[in-house]
Amino acid sequence: MSMESEFKAKFGGFWNSLVILLVIIICLRFSSLELAGEDLGTRLSCSLQLFLSCIGAGIILGILRIFLSFSNDTYTRAPASANFTSGLRFGIVAGGTLILLAGMLQLENFLGPLQLIVDALFAKLYALFA
């Protein structure tokens with residue numbers, strides 16, 4: 001399978017597009033709350049840098065998946081394009097998840113009305129281990 005068809009298979013579906021859109025929304029929300037006193041251009045450039053860092057993490061994870069697939073037997077190994085695109089997708093999702101967790105823990109009212117529920121869950125989790 002070619003690299004282009006692998007990208008279409010991994011990123012072309014409805015749910016995959018929805019996940020990438022969700023990561024973009026998380027980056028926009030994080031930058032808009034973190035830089036509330038700045039102008040719109042600064043907030044948009046910060047959110048673009050956050051999203052590009054998620055893509056960078058995905059590229060690194062994709063390269064690692066290619067290198068780690070060489071240890072498998074030849075007949076069980078997926079092609080390099082499949083490993084790279086799945087690593088890229090996992091890296092983007094992992095970067096968005098890390099930004100979401102940092103936003104929930106550090107920023108006031110990151111999730112809007114759902115923040116009260118998340119704060120109560122974190123308090124119970126903290127009480128469980130303290």
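Described in the following lines is the structure provided in the data block. (Residues numbered from 1 in each chain as written. Predicted model: local features only at pLDDT ≥ 70, side-chain atom pairs only at ≥ 80, totals over all residues. Heavy atoms only, no water.)

1. Some words on the side chain of Ser 86
No. 1: The topology assignment puts Ser 86 in helix H4 (residues 80-106).
No. 2: We classify Ser 86 as buried; its relative accessible area is 6%.
No. 3: In this structure the side chain of Ser 86 is engaged in a polar contact, spanning 3.2 Å, whose partner is the side chain of Arg 65. (Helix = DSSP H or I, 4+ residues; strand = E, 2+ residues; numbered from the N terminus. Buried < 20%, exposed > 50% of the residue type's maximum accessible area, 1.4 Å probe, protein only. Polar contact = N/O pair within 3.5 Å; in protein donor to acceptor, adjacent residues only side chain to side chain.)

2. Observations concerning the packing of aromatic side chains
No. 1: Scanning all chains against the criterion turns up two aromatic pairs.
No. 2: Here the aromatic rings of Phe 14 and Trp 15 are separated by 5.1 Å at their centres, their planes lie at 70°, and the arrangement is edge-to-face. Across this residue pair, the class does not change: Phe 14 and Trp 15 are exposed.
No. 3: When the centroid spacing of 6.4 Å and the interplanar angle of 70° are considered together, the rings of Phe 30 and Phe 110 count as edge-to-face. Placement of Phe 30 in helix H2 (residues 14-34) and of Phe 110 in the loop between H4 and helix H5 (115-129) is noted, with a sequence separation of 80 residues between them. Comparing Phe 30 with Phe 110 shows no difference in burial state: the two are buried. (Phe/Tyr/Trp six-rings, centres within 6.5 Å; stacked < 30°, edge-to-face > 60°.)

3. Focus: unusual backbone geometry
No. 1: Phi is positive for Asn 109, close to 60°, though the residue is something other than glycine.
No. 2: By the element assignment, Asn 109 lies in the loop between H4 and H5.

4. A look at the nonpolar core
No. 1: Val 23, Cys 27, Phe 30, Leu 50, Ile 92, Ile 99 and Phe 110 are the most contacted members of the largest nonpolar core, which totals 16 residues.
No. 2: Those elements that provide at least two residues to this core are H2, helix H3 (40-69) and H4.
No. 3: Excluding its chain neighbours within four sequence positions, the residues that come into contact with Leu 50 are Cys 27, Phe 30 and Ile 99. (Core = buried A, V, L, I, M, F, W, Y, C linked by side-chain atoms within 4.5 Å. Contact = heavy atoms within 4.5 Å.)

5. Considering the environment of Ser 45
No. 1: One can find Ser 45 in helix H3.
No. 2: Since its relative accessible area comes to 34%, Ser 45 is described here as partly exposed.
No. 3: Taking the C-alpha atoms as reference points, Ser 45 and Ser 31, 14 residues apart in sequence, are found 8.7 Å from one another.
No. 4: At 2.9 Å, the side chain of Ser 45 and the backbone oxygen of Thr 42 are in polar contact.

6. Some words on H3
No. 1: Between its terminal C-alpha atoms H3 stretches 43 Å, which fits the 44 Å expected from 30 residues at 1.5 Å a residue.
No. 2: Turning to H3, its buried residues are Cys 46, Ser 47, Leu 50, Phe 51, Cys 54, Gly 58, Gly 62, Ile 66 and Ser 69. (Expected span 1.5 Å × (residues − 1).)

Keep in mind these values describe shape, not function.
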